[in-house]
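Close look at the chain arrangement
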Amino acid sequence: MSKPNLDDSRIFPQLDPDGMLQRIRELPFQCRQAWQAAAGFSLPAGHRAVDKVVVLGMGGSAIGGDLLRSLVSAEAKLPVFIQRDYGLPAFVDERTLVIASSYSGNTEEILSSFEEALKVSCPKLAVTTGGKLKKIAVRENIPVFVVDYKAQPRAALGFSFLPLLAFFTRLGFITDKSADVAETAQVLARQLTKLDEKVPEARNPAKQLARKLSGKLTVVYGAGILAEVAHRWKTQINENSKAWAFYEVFPELNHNATVGYEFPRELADKLRVVLLRCPALHPRIRRRYQVTAELLTRAGIRYEYADSEGESHLCQMMSLVLFGDLVSYYLALLYRVDPSPVKVIAYLKEQLAKE
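Below you will find a few notes about this structure. (Residues numbered from 1 in each chain as written. Predicted model: local features only at pLDDT ≥ 70, side-chain atom pairs only at ≥ 80, totals over all residues. Heavy atoms only, no water.)

A look at the overall build of the protein
Put simply, the rule reads: Comment: elements are numbered from the N terminus, with helices defined as DSSP H or I runs of at least four residues and strands as E runs of at least two. The quantity called the radius of gyration is restricted to C-alpha atoms. Its globule counterpart is 2.2 Å times the number of residues to the power 0.38. Any two residues whose heavy atoms approach within 4.5 Å at even a single point are treated as in contact. Residue burial considers only the protein chains on display, and all accessible areas are found by Shrake-Rupley using a 1.4 Å probe. We count Lys and Arg on the positive side and Asp and Glu on the negative side, and we leave His and both chain ends out. Working definition for charges: the position is that of NZ of Lys, CZ of Arg, CG of Asp or CD of Glu.
What the protein contains, in helices and strands, is 13 helices and nine strands. The C-alpha radius of gyration of the protein comes to 20 Å, within 12% of the 20 Å expected for a compact globule of 355 residues. Its C-alpha atoms give the protein principal-axis dimensions of about 55 × 45 × 45 Å. Long-range pairs, those at least 24 residues apart, make up 79% of the contacts in the protein between residues at least 6 apart in sequence. Approximately 16200 Å² of the protein is accessible, and the part contributed by carbon and sulfur atoms is 53%. Charge centroids of the protein, computed over 46 positive and 39 negative side chains, lie 3 Å from each other.

See the structure below:
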């Protein structure tokens, strides 16, 4: 079967009836709106008196915590831990800020962890659209940042990431990022003029990369502030494109993954590696990118570079997030699948609910 023509405007309403593309287009708006809403949200003074933060999240609701940790690790004096599981880490105590992030408010693992957190006399915060999480938080007099945006959880990234960043700023954990948010929203809007569906494939890098990844197993490489951006690319290709994808992180991948390029030899032509780059990367990491590209070429594995835009670290991260979201969207169309539904996840939840 021939691949769809990504320049044919008719395929978008046909293959995207729920409007995933519009949600992706709204990322600049999400960033501005979420930042402004969080700036006016009331935070108890006691939330400052902590020495560590645990973000409870799964899937699209957890990636905001991942990006936060990557972005603030070089500045914040307290560690950020992302809990993707039932229960709580044993180190959670009275000086731990526990933030429960669940878009639906009904994520089973998060509710389990949050119930455990209620047993600890520690500062708590919830980020959700509603559901059981909101009810529990209101009952326990815990602050709830209510997200007023309808989308698939993964398509509401601005509302899972920017509020956390705003809270870190207001609690004094990091310096003010208002200028960085403004730059990010502006750059993302400018990116869309080059990457949206109206731009022909001949001049559209996102469409071009999706075409190269079609029919291939994608492996995304990132480093530093782009480590979790690579993670985001992987999950977006999984969920939007309904396709296999993996991610690896420098410099660790140079201590194991590069050794595995040799076998099975028949996989080489089925693989595509995408290397995410930005100016913020350590010079030695940039050199590792170059040598790793040489090793991929020797192994007969093709690769592509994806470069960030903007000056601030936040903008460099989010510009590659947007690029990856669009690549995964166009890849879904090339596979002739609706990017919005995640039927296998719904099936899994149904089966678990029976028990």
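Comments concerning the nonpolar core
Our working rule: Note on terminology: a nonpolar core comprises buried Ala, Val, Leu, Ile, Met, Phe, Trp, Tyr and Cys residues joined through side-chain atoms within 4.5 Å. The buried label applies to any residue whose accessible area, calculated with a 1.4 Å probe on protein chains only, is under 20% of its type's maximum; exposed applies above 50%, and partly exposed to all values in between.
Membership of the largest hydrophobic core comes to 100 residues, with the highest contact counts inside it found for Trp233, Leu276 and Met318. Ranked by residues supplied to this core, first place goes to helix α12 (residues 313–334) with 14 residues. Each residue touching Trp233, except ones within four places of it in the same chain, is listed here: Leu209, Val220, Val274, Leu276, Ala306, Leu320, Phe323, Gly324 and Val327.

Topic: helix α6 (residues 131–139)
Put simply, the test is: Our arc is simply the arc of the directions from the helix axis toward the C-beta atoms.
By the burial criterion, the buried members of α6 are Leu133, Ile136 and Ala137. Taken down its axis, α6 places every buried residue within 100° of arc, on the same side. In α6, the exposed residues that point more than 90 degrees away from the buried face are Lys132, Lys135, Val138 and Arg139. Here the buried face of α6 lies against β3 (96–102), α5 (108–117), β4 (124–128) and β5 (144–146). Asn141 lies just past α6 and shows a positive phi near 60°.

Digging into the sheet that holds strand β7 (residues 245–250)
This is how the line gets drawn: Two strands qualify as a pair provided DSSP detects at least 2 bridges between them. Axes, fitted as lines to C-alpha atoms, cover a helix only where it is in contact. Angles between the N-to-C directions of the axes lie from 0 to 180 degrees.
Pairing within the open sheet is parallel, and its four strands lie in the order β7-β6-β8-β9. Looking along the sheet, the strands with just one partner apiece sit at the ends: β7 and β9 (302–307). Strand-to-strand twist across the sheet, computed as the mean angle between neighbouring axes with direction ignored, equals 25°. As paired elements, strand β8 (residues 271–277) and β9 share six bridges and run parallel to each other. Bridge pairing in β9 links Arg272 to Arg302. Its contacts with the sheet put helix α9 (residues 205–213) on β6 (217–223), β8 and β9, and the angle it makes with β8 is roughly 145°.

As for the environment of Cys315
Note that Cys315 resides in helix α12. We classify Cys315 as buried; its relative accessible area is 0%. For the pair formed by Cys315 and Glu183, sequence separation is 132 residues and the distance between their alpha carbons is 6.8 Å. Setting aside anything within four residues of it in sequence, one finds Cys315 in contact with Glu183, Thr184, Val187, Glu309 and Gly310.

Considering the sheet that holds β4
The five strands lie next to each other as β2-β1-β3-β4-β5, forming an open sheet whose pairing is parallel. Either end of the sheet is taken by a strand with one partner, and the two such strands are β2 (80–83) and β5. Strand-to-strand twist across the sheet, computed as the mean angle between neighbouring axes with direction ignored, equals 20°. As paired elements, strand β1 (residues 52–56) and β2 share four bridges and run parallel to each other. Paired with Val53 across the two strands is Val80, which belongs to β2. Together, β1, β2, β3 and β4 form the strand contacts of α5, whose direction differs from that of β3 by roughly 155°.

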